[in-house]
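One-letter residues, chain by chain:
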Amino acid sequence: MLRLNPTFDIQRDVVSSILAKEERANIGVLEPRILSVERDGGVVYSWRGATGTTRIGKYDPHSTENKLLYTFDKQVCVSSCSLNREETLLAVSLSQCTQEGRFKPVSKCLTLLIEIHPINNTKVLKAVDCKVKVQFLYPKTCRTTVLESHLLLASEDGYVDQYHIALTKQEGYRVVMQNSERLSRERVAEEFIWVQWDSDTQRIFYLTAREKHTLKCVQFYADRNFETVFELPLEMPNIVTTSVRFVNFGYDHYQDLEDEGLRLEVFTSPAGTMCVCYSHPVRWHKDATYTIAFVHQGCSKTFTVSLEQGSAPANFTTVHPIFIHLDYYIVVYMPDQFLHLINCRQQDLLCYSLFLSGADGHIEALCSGRVVVSVSGNRLLDVQAGRMYNMDLNPDFLLELLSSGRPEAQQLAALHCMLVYLQPNPVLELKIINWISENVMSFDAFDQIQEFILASLYRISYQQCVSLDKLLPYSCVFEKKELPVALTAISGVKCTPELLCQPIIKGKAKSLQGYWEELQHVLDRMRYFEAVPSPRFRTSLIKEDWTKLQAAMNSEKKKSPRGHHYIEENTKKVLSMVDTWRLDRRVVPLFQEEDQQQRVLVGLMVDKLREHLNRHLSRLGKKKIDLLVVNYAAKLLELIWHVLELVWQKLKLGPWVLCIKQQGNSEEWAMFHVMFRILEATKGLCLPLPPGYSTLLSVLGVRCLPQHTFLQYVDHGLLQLTEPFVSRLLTDLDNSDANEQLKFSILKRLPEHIDKKVSQRWDHPITSASISREYIRTLLDKDSESKDSALLDYSMSSFYPDFLPLNYLAKVLSNREEQAQNPFEEQENVDVRFVEETALKQTLIKLGFEVK
């Protein structure tokens, strides 16, 4: 599930450099250990020297070079270490050790500040009876040379101090401390039971427990100032702890890891999310319980997972689940038990989080007993093995979860994850579309085509404007009247949701740009959307108006529906944004006809979505909202076209598909099936299709379906008899008995105004007679009862002088021909001789002299 890519291995990247310095091959005696990872990615480590010394070095991931920083002339136990950004000062916290080389925690801890550019003075900062952690600040600054460093000193007594260390240059290159005997110091935090350092953002989170548990955050600024900017009361169980817990303050290899007490970590992201994760140690005969507090959502969820019995190691006592931050997910991993991928953005249902147990949830590199910590930047550090990994989700494994036989909740979570949270990947997208085309029938709990469309559009729109997060639909599940049971519960997992107290953002953070501004904005939006009904747009809002518009368009009246011009303008904007510039390379013939119904639906969707966004996001302005809405509709049409292109190419179809004369093969049937399911999916969501879609689907339908089945599809409104389709059918098919019957069946199903347009294109006696009758009716309706008609010169007639009624009719038509044009063919006149012969033929048929 998780793909671990090694970025640092102390044996590979460091040991060879150490051996060059030590000139010996006994690697085991070296005992290289990772001490800390600084903000710039540099890894600070220590090893035992050949002459009984302890050395500290740094690995630079950018240059892949190792640098010796300092050497102690005896064996020491380094419990904490940090290097300033300019690499001129080294802060080290040492624990004393007992004889025989066996290291145990002792009461004495010595904290030193050492000048290393070059190696010079050493200052003792602390000599106390408790653990002390050190960490240099890495402020972002444009200055290349900074003659001041800031050091955090965190004590197990429950306080954090900041030391301001002024530096000066001597002899042009030596960097030394100014007035090292009297360093400036400020108290940052106190009376806490837990503290975490966040190197990427230069923040400290700490937890106090005076009256109730309160999580606080101190932000450090580039101007050497700091401020408590965040407070959040937490309803937490009683915490029994014998010592302060430190998170991300380096790695103490000589301190026994205590399983008792609370494990807590805070994860933030630039998108304005904050998750507080905590758990109690798990005893094997108990269930695993852990809580994720989604601060940006104002809620928390406590999960209780039943563990598999009988798989505990012989020496097992207690264990904590591992928390890992992975962009939009929190990974909760219990080695050899389960892996829970919890969605940080969408917590509406459990089905958007992925729970795996057994072999599916196993990560080979993170076996039981490992000390693993989450490092900023989606990295994971195995402290004991000395390896650091970049982490990402394995798309191949997610694709496997789509296979049949998997729970539908897993399939939905995997599909949603790939579509919304993974970076756009054409290869992965093709595999998903292939999976949809091979599993085209809708699942019981959700429609995979609807999910593909909505989730893909959500990702595209969210990247353009994060404010759309709470307003656009991201899943088809919420369009259902009742949620399926398969999506509301996970076997073996109990979830208890609770509301969080309101967090407080104060001080400079209120006016800061960046994370705190984004978090404040997210919290404000959350409060607003909780107060308004139905903030998320639902496509079902379109259905009522769409039904009325359909009825107006299908009526015989030529009056345009109300607001039709405004809707048409919306459609023109959308179609102008559709990517048609490579039309010659497209293989699926869409966007080549008017398709009035789809044009109206496109314009209607734009109108309704714009109205919804204007109601809830008016601060963006009308122009911005109009652009977002038009782009959303354009991307929808492009997405469907793109899907059809990929399936069309996969099935190796060509232009012959548009020929109605031939019967369809298995590949065309598969294409028809996919297109029909897309039609069902979009119809269920009341979403428009690209112009020309209905015509192409009807062409495939008449090729692949038996005639009676095809007509049933038409009668049930599943296939549309568009004007281009009917015209193609009337002209391409010959007049065999079967084809003639099909044509008549289709013509009688057409509205009268369309029937009049297309019937003339069929070369058949019935249509010829219809054309003649309509033509004559039009002429005679316009022929006023003028006196001229009674004074016709019969002797001048050359048309059948012995058949006076026909002769009279022909004369009338001749007189009116220049005044009335053919209603079917603009700018052309009907041949009067043709009308005369047709009328005579019809008369002979009526009298029984000829057979029809």
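Residues numbered from 1 in each chain as written. Predicted model: local features only at pLDDT ≥ 70, side-chain atom pairs only at ≥ 80, totals over all residues. Heavy atoms only, no water.

*Asks:* Give me the lowdown on the pairing of strand E15 (residues 192-198), citing residues and values where you can.
*Replies:* Along E15, six of the seven residues are buried, which leaves the element largely enclosed by surrounding structure. Between E15 and strand E16 (residues 203-209), which pair antiparallel in sequence order, lie four residues; one of them, Gln202, sits at a positive phi of approximately 55 degrees. Where E15 and strand E19 (residues 245-247) come together, three bridges link them in parallel fashion. Within the sheet, the bridge partner assigned to Gln196 lies in E19 and is Val247. (Buried < 20%, exposed > 50% of the residue type's maximum accessible area, 1.4 Å probe, protein only. Helix = DSSP H or I, 4+ residues; strand = E, 2+ residues; numbered from the N terminus. Pairing = 2+ DSSP bridges.)

*Asks:* For helix H15 (residues 707-715), give the residues involved together with the corresponding values.
*Replies:* Those residues of H15 that fall on the buried side of the exposure criterion are Thr709, Phe710, Leu711 and Val714. For H15, the secondary structure elements touched by its buried residues are helix H14 (693-704), helix H16 (723-732) and helix H17 (737-747). Directly after H15, the chain includes Gly717, whose backbone phi takes a positive value near 75 degrees. (Contact = heavy atoms within 4.5 Å.)

*Asks:* Please set out the pairing of strand E8 (residues 109-116) residue by residue, giving values where relevant.
*Replies:* Working note: regular strand, side chains alternate between the two faces of the sheet. Of all eight residues in E8, seven are buried, a share of seventy percent or more. Two elements, strand E7 (residues 89-95) and E8, share seven bridges in a ladder whose sense is antiparallel. Among the inter-strand pairings, Ala91 is bridged to a residue of E8, identified as Leu113. In terms of strand pairing, E8 meets strand E9 (residues 119-128) through seven bridges, oriented antiparallel. The partner of Thr111 across the bridge, within E9, is Lys126.

*Asks:* Any details on the sheet that holds strand E5 (residues 65-72)? Residues and values, ideally.
*Replies:* One open sheet holds the four strands; their spatial order is E2-E3-E4-E5, and the pairing between them is antiparallel. Each edge of the sheet is formed by a strand with only one pairing partner; in this case those strands are strand E2 (33-37) and E5. Across the sheet, the axes of successive neighbouring strands diverge by a mean angle of 25 degrees, strand direction being ignored. (Axes fitted to C-alpha atoms, helices over the stretch in contact; angles between N-to-C directions.)

*Asks:* Pulling in residues and values, what's your account of the packing of helix H5 (residues 408-421) against helix H7 (residues 448-464)?
*Replies:* Axis separation between H5 and H7 bottoms out at 8 Å; the angle between their running directions is 35 degrees. As for the relative orientation of H5 and H7, their crossing is right-handed in sense. Between H5 and H7, the contacting residues are Leu412, Leu415, His416, Leu419 and Val420 on the first element and Gln448, Glu451, Phe452, Ala455, Ser456, Tyr458 and Arg459 on the second. In the contact of H5 with H7, the residues fall into seven nonpolar, three polar and two charged. (Left-handed = near helix turned anticlockwise from the far one by under 90°. Nonpolar A, V, L, I, M, F, W, Y, C, P; charged D, E, K, R; others polar.)

*Asks:* Which residues make up unusual backbone geometry, and what are the values?
*Replies:* Cis geometry marks the peptide bond from His117 to Pro118; its omega dihedral reads -10 degrees. Topologically, Pro118 is positioned in the loop between E8 and E9. The phi angle at Phe591 is positive, at roughly 60 degrees, despite the residue not being glycine. Within the fold, Phe591 resides in the loop between helix H10 (564-577) and helix H11 (596-616).

*Asks:* Can you break down the confidence of the model for the protein residue by residue, with the values?
*Replies:* Per-residue confidence for the protein gives a mean pLDDT of 84; residues scoring 70 or more make up 83%. Within the protein, helix H3 (residues 27-30) has the poorest average pLDDT of any element, 62, and strand E10 (residues 132-136) the best, 96. Contacts from residues 98-106, a stretch scored under 50 in pLDDT, to residues over four places away or in other chains number nine contacts. (pLDDT = per-residue confidence, 0-100.)

*Asks:* Describe empty space enclosed by the protein, listing the residues and the values that go with them.
*Replies:* Under the counting rule described, the total for this entry stands at seven cavities of 30 Å³ or more. The volume enclosed by the largest cavity comes to roughly 160 Å³. In this structure, the largest cavity is lined by 14 residues; those nearest its centre are His296, Gln297, Asp469, Val522 and Arg525. With four residues, the single largest contributor to the lining of the largest cavity is helix H8 (residues 515-531). Along the lines of polarity and charge, the residues of the lining of the largest cavity split into six nonpolar, four polar and four charged. Computed from the structure, the second largest cavity encloses a volume of approximately 100 Å³. If you trace the second largest cavity, you find it lined by Ile433, Ile436, Ser437, Ile449, Phe452, Ile453, Leu639, Ile640, Val643, Val647, Val674 and Ile678. Among the elements of the structure, helix H6 (426-438), H7, helix H12 (622-650) and helix H13 (666-685) are those that each provide at least two residues to the lining of the second largest cavity. Here the element with the most residues in the lining of the second largest cavity is H12; it accounts for four residues. (1 Å grid on protein atoms, 1.4 Å probe; cavity = no way out; pocket = protein on both sides within 12 Å on 5 of 7 lines; lining within 4 Å. Points joined across faces, edges and corners; volume = space filled by probe spheres on them.)

*Asks:* Any details on the packing of H7 against H12? Residues and values, ideally.
*Replies:* Interaxial distance between H7 and H12 falls to 10 Å at its minimum, and their mutual angle equals 140 degrees. Classified by the interaxial angle, the pair formed by H7 and H12 is oblique. Here the hand of the crossing between H7 and H12 comes out right-handed. Taking contact as the criterion, the partners of Phe452, Ile453, Leu454, Ser456, Leu457, Ile460, Ser461 and Gln464 in H7 are, on H12, Lys624, Leu628, Asn631, Tyr632, Lys635, Leu636, Leu639 and Val643. Across the contact of H7 with H12, the residue classes tally to 10 nonpolar, four polar and two charged. (Parallel < 35°, antiparallel > 145°, perpendicular 65-115°, else oblique.)

*Asks:* Got a sec to walk through the sheet that holds strand E20 (residues 263-269)? Specific residues and values, please.
*Replies:* What the five strands build is an open sheet, ordered E20-E21-E23-E24-E33; its pairing is antiparallel. The two strands at the open ends of the sheet, each matched to only one other strand, are E20 and strand E33 (493-499). Going from strand to strand, the sheet's axes swing by 15 degrees on average, the running direction of each strand aside. In this sheet, strand E23 (residues 288-294) lies alongside strand E21 (residues 273-279) in antiparallel orientation, the contact comprising five bridges. In the strand pairing of E23, Ser279 is matched with Tyr290.

*Asks:* Run through the side chain of Asn84, naming residues and quoting values.
*Replies:* Tracing the backbone shows Asn84 in the loop between strand E6 (77-83) and E7. Residue classification places Asn84 among the buried residues on the basis of a relative accessible area of 1%. Only 3.0 Å separates the side chain of Asn84 from the backbone nitrogen of Leu89, close enough to count as a polar contact. Among the polar contacts listed, one links the side chain of Asn84 to the side chain of Ser149, at a separation of 3.0 Å. Asn84 has contacts with Leu89, Phe136, Tyr138, Ser149 and Leu167, leaving out every residue within four places of it along the chain. (Polar contact = N/O pair within 3.5 Å; in protein donor to acceptor, adjacent residues only side chain to side chain.)

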